[in-house]
Amino acid sequence: MAVEAIVSVVLQKVTDMLKGQSLTQNKLLVYEVQEIMKSLDSMRDLIMISTKVVNQQAEEYLQAVYTVEDGIEKFTLNVVRRRKVFGFLTNHIFFFDNLNSCIKIHQNIKNTLTKLKDHEHVPNEGKKEEKCSETRATDHVSFSYSCNEEVMQIVGIKERFHQMKNTSSFSYKEEEMGIFGLRKDVDTVVNQLTNNCEHVVLIVGLGGIGKTTLARTIYKHRDIKQRFQFRVWVSVLEDYATKDILLSVLKAMDSVTEKCSNKDDEETMKFKVSEYLKNTRYLIILDGANNYSNILEDIKEAFPHVRNGSKLVLTSTQNMELKTTHVNLFLHCMMPLSEDDSWKMFKEKVGRKNSWDLVTPESKQAILLSCKGLPLNIVLLAGLFSLTDPNRWSRIFCGMQNSMDVLSLCYNDLSDNLKVCLLYLVLFPKEFDIPVRRLLRLWVAEGFVKHNSTHVYLEDIAQTYFDELVNRNMLQISKLRSDNSPRRCFVLGVLHDYLLVKAKETNLFHTYHNLINGEDNSSLKVRRMVEYESPKREHVSKNISFHKKSQAKSSLFNPSNLRTYVSFNHQQPDYMQANRIGNFLGNIINDGLGLLRVLDLEGVYKPILPENIGNLCNLRYLGLRLTYLDSLPPSVGELAHLETLDLKHTCIDELPCSIFKMKKLHHLHLNEMRLNMQLPSSLKLLTLWGLFLDKKVPIKDGLDKLDHLRELGITFHLPSNQEDLMNWIANLTDLRSLRLRSKDNLGYPSDLMFRSMSNLGQLSHLNLLGRLEKLPDYNEFPPTLKVLTLSISLLKSDPMETIGQLPCLTVLRLLGQSYIGKEMVCVQGGFSRLKVLKMWMLKELESWVVEEGSMQSLKHLEIRCCEKLHSIPTTLLQQAQLENLVLTGMPQAFATDVERLKSDHTWMTIKQWKFPPLPWEQGDSTLVNHS
């Protein structure tokens, strides 16, 4: 059950907190802490015994565990606060106080255990029959820990992860993100959308049949991109408001029309939308429009049928009998896969080609019956089989024979930590593209990630969690980086609905609207609060703030117990919301110990942070990206437990000197900001991005203390001495991503020194901006380099022979004046793994030769504003692998010649954007002659 997973993770988290407190060497206090941890272990075991818990009893269990969590967290935070004031004297001054607190906590746990035992009436008979279907169905790996062990371990995680990498179809490749068995549907709907027939296309089918997957594929289809000038994707909630839909469309129009606001009335919104769309060929996709009859009626005035080929697409699980009188509508009914296609898809997703003899005809039929021809069921069940030793597949069949649905079967097979991490995803709006960076750090900050002896950093364990959920097909990758690593992910709608029910059962989170209006009747303490953007409820936020008097409507909501606040209310500007957030945080701090662990305001416009925010000493994650804040309160440096501070895309240009008191800080994202302070040797930053460096910032005995960095992004102005910088970087052996930008005092590109990086064995991304005297030899580059970006390098010698020898290179970007020569030759055998090549603004380039056997893996080629280039080599244009060719700002004769020579399978896009000269190019015709 979800309750058991929550209980297990919460008890694990508070045990970790106790272990992290060095209270004293006194044996009596140490003994009491150990006894508390033993009792926590007993509590976990007691609750885990019950595999069938009625809702009322489940709530009692959670209430008991949350009470224990509150007591332990308040105790440990008190220790932290006192240590900040009294230092090493803390353990002596407050010995008796700490001892009494421990005894009280221990007694409360024992009392709780007694009460839970009184409620425990689970019959022993029949448990063996229930175990197969009601506990983890496969039961092929045990997950256990002991609160008394020095290092807790997740038994089997490492073995399972390596096994799945080697034996399943695990991949982030774009092909794997495609659709199986839906190609006819794609062809049918794309054909319908590219002709001038019906204005409305309705896609209907059962939940899990692939409607959203089909719609996403169509939305990204190159024929669709070329045909429609304006495309918008809208996820429609069950309790939708017409203004929700209109606001989503208006936001997409922001770049081409006036700013929109949820304060506009519905008729004004409809007028704005229709005025823009009436002269545009548009495609609007409304995903999850189950009540499509009412939706079509509500929005018809906003989306005019102007007979120019514009289309409105809706997906719905509603009965396939058409319930609308809309005459200009094309109905596409999606049908379940045939048994043959279902089995083919299942086997392809599972892999394990040599193990199918173990599947009997009866077992095969059980799989097909469970899947019902629905692609979602097939891929979920295939993910489960792919992670299981074939000799243990019988365990899964046992669960299937007990009539468990596929979603429950796959969910119950997860470890407790993975269950909670998966449930956490429903905090994000349905169909929301979640940044992977953000998700993994939130998991860590919430305490969902369990320590083990294999990995030093929790971030690495979180990555294995993510990979396993992707491999199980419970997480979908929606956007890839250039090197095919995942950038964004989402949960399919049917799975989101299933998980949302479980999240509500466990009161995993509450919504801002329900809490302040007294609509949330839960008796549990509120742990997490999420605010969504919904114009339907705009009247709420006009008059109600997070002040104590507003809590009269919901007396159960006590913000002092809150652990997480996440806002997706991204209205710009919304000063009322900014003030409300400030009041809310102030109330948390003023009500006593701030237990908040996560404050994620990414995208919220200029939220107001209280001056005493440093009192939130339990805070692990402070996300202020894209808030455009101007400053931070000085007390932010007092956040002793902070792990992530994200200030990217803000207007903050200075950090308080106390910032590096945060010894647990791992990820620091800045906005080209200077740090004028001494760094403690205890700081173990993994990410430092957006730093500005000049001669005032010490590198020796300063920045070089940061020797665990994995991601480093620096803009620097060092006209005379870059050697210290390069020597420091050369010793960052854990580095995976590096961006160096050399600028002068006016912000123009300047000289950039390059020192050998051959010993940086994990560096895969390298981005260099600045004038290079010469390109280094290929053996001076990192041996694992996958992505190389050069900008304003002003290289005079052809770089392609050297770069072509980099063995792992998959993406090459030669941007703005990176090469100023006239000829470029790619020799035979070079660029063996290159898949993406971008050449922008190589203004002197005239001739480009690609010899036979070079760039044979190239899939995507983009050429922008290389006006003097005569042609693209025919050997490249005729290659079978080349899929996409993009020409931007190129002469018409050039584009016509390329169109004639390219292969039919290569898709070509022509753009005629105009690019103004860069600031340092204006009035400087001699730029290319700089030495």
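Residue positions are given per chain, counted from 1 along the sequence in the order it is written. With the structure being a predicted model, the display of local features is reserved for residues of pLDDT at least 70 and the display and counting of side-chain atom pairs for 80 or more, all residues being used for whole-chain, interface and lining totals. Excluded from the side-chain calculations are hydrogens and water; all other atoms, namely the structure's heavy atoms, are used.

**Some words on the sheet that holds strand β1 (residues 200–204)**
Defined as follows: A pair of strands counts as paired when DSSP detects no fewer than two bridges linking them. The helix and strand labels rest on DSSP assignments: H or I over at least four residues marks a helix, E over at least two residues marks a strand, and numbering proceeds from the N terminus. Inter-axis angles, ranging from 0 to 180 degrees, are taken between N-to-C directions of lines fitted to C-alpha atoms, where helices are fitted over the stretch in contact. Any two residues whose heavy atoms approach within 4.5 Å at even a single point are treated as in contact.
What the five strands build is an open sheet, ordered β2-β3-β4-β1-β5; its pairing is parallel. The sheet terminates laterally at β2 (230–235) and β5 (329–333), the two strands that pair on one side only. The sheet shows a mean angle of 15 degrees between the axes of neighbouring strands, taken without regard to direction. Where strand β3 (residues 282–287) meets strand β4 (residues 311–316), four bridges bridge the pair, whose relative direction is parallel. Bridging across to β4, Ile-284 finds its partner in Leu-312. In the packing of helix α11 (residues 242–253) onto the sheet, contacts are made with β2 and β3, and the angle to β2 comes to roughly 145 degrees.

**What about the confidence of the model for the protein?**
The following threshold applies: Within a predicted model, pLDDT stands for the predictor's per-residue confidence, ranging from 0 to 100.
Scored by pLDDT, the protein has a mean of 79; 77% of the residues are at 70 or more. Of all the helices and strands in the protein, helix α24 (residues 538–543) carries the lowest mean pLDDT, 36, while strand β21 (residues 811–814) carries the highest, 97. Here residues 535–555 is modelled with pLDDT under 50, and outside its nearest four sequence neighbours on either side it reaches 50 contacts, counting other chains as well. Throughout residues 923–931 the model reports pLDDT below 50, and contacts reaching past four residues in sequence, or to other chains, amount to 14 contacts.

**Here we look at the sheet that holds strand β6 (residues 434–435)**
What the three strands build is an open sheet, ordered β6-β8-β7; its pairing is antiparallel. The sheet is open, and its two borders are formed by β6 and β7 (476–480), each paired with just one other strand. Bridge count for β7 against strand β8 (residues 486–490) is four bridges, and the pairing is antiparallel. By the bridge assignment, Lys-479 is partnered in β8 with Arg-488.

**A closer look at the environment of Pro-799**
Using the following cut-off: Three exposure classes are used, based on accessible area relative to the maximum for each residue type with a 1.4 Å probe and protein chains only: buried under 20%, partly exposed in between, and exposed over 50%.
Take Pro-799: it is sitting in the loop between β20 (787–791) and α27 (800–803). Classification of Pro-799 as buried rests on a relative accessible area of 1%. For Pro-799 and Gly-821, which are 22 residues apart along the polypeptide, the C-alpha to C-alpha distance reads 9.7 Å. When residues no more than four places from it in sequence are discounted, the contact partners of Pro-799 are Leu-775 and Tyr-819.

**A word on unusual backbone geometry**
One non-glycine residue with positive phi stands out, namely Lys-372, at about 60 degrees. Checked against the element boundaries, Lys-372 lands in the loop between α15 (361–371) and α16 (375–386). Phi is positive for Phe-831, close to 55 degrees, though the residue is something other than glycine. Relative to the helices and strands, Phe-831 resides in the loop between β22 (823–826) and β23 (836–840). With a relative accessible area of 3%, Phe-831 lands in the buried category.

**Some details on helix α13 (residues 292–299)**
As a reminder of what qualifies: The directions from the helix axis to the C-beta atoms are what the arc is built from.
Among the residues of α13, those classed as buried are Tyr-292, Ser-293, Ile-295, Leu-296 and Ile-299. Taken around the axis of α13, the buried residues stretch over an arc of 165 degrees, which confines them to a single face. On its buried face, α13 is in contact with β1, α11, β3, β4 and β5.

**A look at the nonpolar core**
Selection rule: What is meant by a nonpolar core is a set of buried Ala, Val, Leu, Ile, Met, Phe, Trp, Tyr and Cys residues, joined one to another through side-chain atoms within 4.5 Å.
Ranked by size, the top nonpolar core spans 109 residues in total, and within it Trp-728, Trp-848 and Ile-872 carry the most contacts. Counting residues per element, this core draws most heavily on helix α25 (residues 575–590), which supplies five residues. Judged by nonpolar contacts, the second largest core, of 85 residues, contains Val-420, Leu-439, Phe-509 and Val-566.

**Topic: the pairing of strand β19 (residues 765–769)**
As judged from the five bridges shared by strand β18 (residues 737–742) and β19, these two strands associate in the parallel manner. Looking at β19, one finds that Arg-741 is bridged to Leu-769. For β19 and β20, the ladder comprises five bridges, and the chain directions are parallel. Residue Leu-766 lies in a different strand from β20, and its bridge partner there is Leu-788.

**As for the packing of aromatic side chains**
Spelled out, the test is: To pair, rings of Phe, Tyr and Trp, with the six-membered ring standing in for Trp, must have centres within 6.5 Å; the planes then decide the type, stacked if under 30 degrees apart, edge-to-face if over 60, and tilted in the middle. Only lysine NZ and arginine CZ atoms are considered, and such an atom sits over a ring when it is within 6 Å of the ring centre and within 35 degrees of the ring normal.
For the structure shown, the criterion picks out 13 aromatic pairs. Here the aromatic rings of Tyr-424 and Phe-448 are separated by 5.4 Å at their centres, their planes lie at 75 degrees, and the arrangement is edge-to-face. Placement of the pair is Tyr-424 in helix α19 (residues 416–424) and Phe-448 in the loop between α20 (436–446) and α21 (458–471), with a sequence separation of 24 residues. Take Tyr-424 and Phe-448: they sit in the same class, and that class is buried. Pairwise contacts between aromatic rings join Phe-428, Phe-432, Tyr-532 and Phe-568 into one cluster. The ring of Trp-233 has Arg-216 lying over it, and the distance from NZ or CZ to the ring centre is 5.4 Å. In this structure, Arg-231 is placed above the aromatic ring of Tyr-219, and the distance from its NZ or CZ to the ring centre is 4.5 Å.

**Comments concerning empty space enclosed by the protein**
Empty space left among the atoms is revealed by rolling a probe the size of a water molecule over them. Note the cut-off: As defined here, a cavity is a set of points on a 1 Å grid over the protein atoms alone where a 1.4 Å probe fits but cannot get out. A pocket is an open set with protein on both sides within 12 Å along at least five of seven lines, and residues line them when an atom is within 4 Å of a point. Grid points are joined across faces, edges and corners, and a volume is the space filled by probe spheres set on the points.
All chains considered together, the criterion is met by six cavities of 30 Å³ or more. Approximately 70 Å³ is the volume attributed to the largest cavity. Ile-6, Val-9, Val-10, Lys-13, Tyr-66, Glu-69, Val-420, Phe-448, Leu-508, Arg-527, Arg-528 and Arg-563 are the residues that line the largest cavity. Looking at the lining of the largest cavity, the elements with two or more residues in it are α1 (2–19) and α3 (55–86). With four residues, α1 is the single largest residue contributor to the lining of the largest cavity.

**Observations concerning helix α8 (residues 183–193)**
Considered for burial, the residues of α8 that qualify are Asp-185, Val-186, Val-189, Val-190, Gln-192 and Leu-193. Down the axis, α8 shows its buried residues gathered within 160 degrees of arc, on one side only. Opposite the packed face of α8, turned more than 90 degrees from it, sit the exposed residues Arg-183, Lys-184 and Asp-187. Contacts made by the buried residues of α8 are with β1, α9 (211–220), α10 (222–227), β3, β4 and β5.

**Focus: the packing of α19 against α21**
Note the following rule: Any angle between 65 and 115 degrees counts as roughly perpendicular, while under 35 counts as roughly parallel, over 145 as roughly antiparallel, and the rest as oblique. Classes in brief: Ala, Val, Leu, Ile, Met, Phe, Trp, Tyr, Cys and Pro nonpolar; Asp, Glu, Lys and Arg charged; the others, Gly included, polar.
Taken N-terminus to C-terminus, the directions of α19 and α21 make an angle of 75 degrees; their axes are 11 Å apart at the nearest point. Between α19 and α21, the angle falls in the class roughly perpendicular. For the pair α19 and α21, contact is made by Asn-417, Leu-418, Cys-421 and Leu-422 and by Tyr-465, Glu-468 and Leu-469, respectively. The class makeup of the residues in the contact of α19 with α21 is five nonpolar, one polar and one charged.

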